[in-house]
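Survey of secondary and tertiary structure
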Amino acid sequence: VQLVESGGGLVQPGGSLRLSCAASGFTFSSYAMSWYRQAPGKEREVVADISSAGGGTNYADSVKGRFTISRDNAKNTVYLQMNSLKPEDTAVYYCARRDPLRIFWGQGTQVTVSS
């Protein structure tokens, strides 16, 4: 299982970013996928989940209405569109495949929201 995130960076408050996660080494369309984030000094937290076919999504209360998770099973890629970004969204964002007995992580991509 390999998960490679991209798309992070520095953005001003109110701005937008789209994160991508390219997956390989498994049948991507068979698995639900997730985005997590970890801010400095805080525990890693789930941001959003998407079902294997993309028809079901869940979001943390802190990002509802601002973030959108999506996937393209033909491209083995999951996305996180982040709008109306706030300084408190600053974190390392991780793509993950959450299995019953373990979680597979990507290497993470830094998102910094600052003026």
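Please refer to the structure placed before this passage.
In this report, we go over the structure that sits alongside the text. These figures come from a predicted structure and were not determined experimentally. (Residues numbered from 1 in each chain as written. Predicted model: local features only at pLDDT ≥ 70, side-chain atom pairs only at ≥ 80, totals over all residues. Heavy atoms only, no water.)

With that settled, the discussion passes to the layout of surface pockets. Size it by volume and the largest pocket reaches roughly 180 Å³. Along the wall of the largest pocket there are 14 residues; nearest its centre are Arg37, Ala39, Lys42, Glu45 and Glu88. (1 Å grid on protein atoms, 1.4 Å probe; cavity = no way out; pocket = protein on both sides within 12 Å on 5 of 7 lines; lining within 4 Å. Points joined across faces, edges and corners; volume = space filled by probe spheres on them.)

In the structure shown here, the tally under the stated rule is four aromatic pairs. Summarising the aromatic geometry, the rings of tyrosine 36 and tryptophan 105 are spaced 4.8 Å apart at their centres and angled 75° between planes, so their arrangement reads as edge-to-face. Of this pair, tyrosine 36 sits in strand β4 (residues 33-38) while tryptophan 105 is found in strand β10 (residues 103-105), placing the two residues 69 residues apart along the sequence. The exposure class assigned to tyrosine 36 is buried, which follows from its relative accessible area of 9%. Aromatic ring contacts, followed pair by pair, group Phe26, Phe28 and Tyr31 into a single cluster. (Phe/Tyr/Trp six-rings, centres within 6.5 Å; stacked < 30°, edge-to-face > 60°. Helix = DSSP H or I, 4+ residues; strand = E, 2+ residues; numbered from the N terminus. Buried < 20%, exposed > 50% of the residue type's maximum accessible area, 1.4 Å probe, protein only.)

Below, the discussion takes up the pairing of strand β5 (residues 45-50). In this sheet, β5 lies alongside β4 in antiparallel orientation, the contact comprising five bridges. Bridge pairing in β5 places tyrosine 36 opposite valine 46. Alignment of β5 against strand β6 (residues 57-59), held across three bridges, turns out to be antiparallel. Within β6, the position partnered with alanine 48 by the bridge is tyrosine 59. Following β5, the chain reverses through six residues before pairing antiparallel with β6; glycine 54 in that reversal takes a positive phi of roughly 90°. (Pairing = 2+ DSSP bridges.)

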